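Coordinates in review
Each chain, letter by letter, is given below.
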Amino acid sequence: MDAVTTVEHDDDAYLGEINDIVGFHIRLAHGACYRHFTETFVELELTQKQVSVMWLVADHPGISQIDLGQKLRMDRATTMTIVNRLQARHYLRREKSPTDGRKQALYLQPAGEAVLNEAKKAIREHENWVKSRFSDAEVKTLMELLARIHE
């Protein structure tokens, strides 16, 4: 008996052996989520990473730029670029860390708080779209399974 579980398919859409690759389906699912997210956020002119940065700063005022990048698993250059862009839009501000003079502490500006509130509404819409494909139990299982990959 073959230990590989194949994905059901119709003959018109069958892609061949790649259809049995888990990573391939993760990439397709990511692409679908990314496209929907981008469509949902077009008016806010924000990327997923920018929203994640602002949300984390809102939840952890004064977080260092280094800690922020580590929590979001982004390299220093990417983190700095995103923070620079958000600062240029007056969404974030940098201050010298009160605990470590070598670090930059990050805080949301009032404009950042306002746009983050709008982003959270769009995220709820996006999350409803994603979750509508699953039962509540399946969403919980999916989150647990995906966490095994990225943690």
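Another point: the pairing of strand β3 (residues 104-108). Of all 5 residues in β3, 4 are buried, a share of seventy percent or more. The sheet contact formed by strand β1 (residues 63-64) and β3 spans 2 bridges and is antiparallel. In the strand pairing of β3, S64 is matched with A105. Both strand β2 (residues 92-96) and β3 contribute to a ladder of 5 bridges, which runs antiparallel.

When we look at a pair of aromatic rings, we describe it by the centre distance and by the angle of the planes. Evaluated as defined, the whole model comprises 1 aromatic pair. A ring pair is formed by F37 and F41, whose centres lie 4.0 Å apart and whose planes are at 10°; its orientation type is stacked. By relative accessible area, which is 1% here, F41 ends up buried. If you follow R133 out to its NZ or CZ, it ends over the ring of W129, 4.1 Å from the centre.

Further remarks concern the sheet that holds β1. On the basis of which strands lie adjacent, the open sheet formed by 3 strands has the order β1-β3-β2 and antiparallel pairing. Two strands bound the open sheet, and with one partner strand each, they are β1 and β2.

The rules we used
- Residues numbered from 1 in each chain as written.
- Predicted model: local features only at pLDDT ≥ 70, side-chain atom pairs only at ≥ 80, totals over all residues.
- Heavy atoms only, no water.
- Buried < 20%, exposed > 50% of the residue type's maximum accessible area, 1.4 Å probe, protein only.
- Helix = DSSP H or I, 4+ residues; strand = E, 2+ residues; numbered from the N terminus.
- Pairing = 2+ DSSP bridges.
- Phe/Tyr/Trp six-rings, centres within 6.5 Å; stacked < 30°, edge-to-face > 60°.
- Lys NZ or Arg CZ within 6 Å of the ring centre and 35° of its normal.

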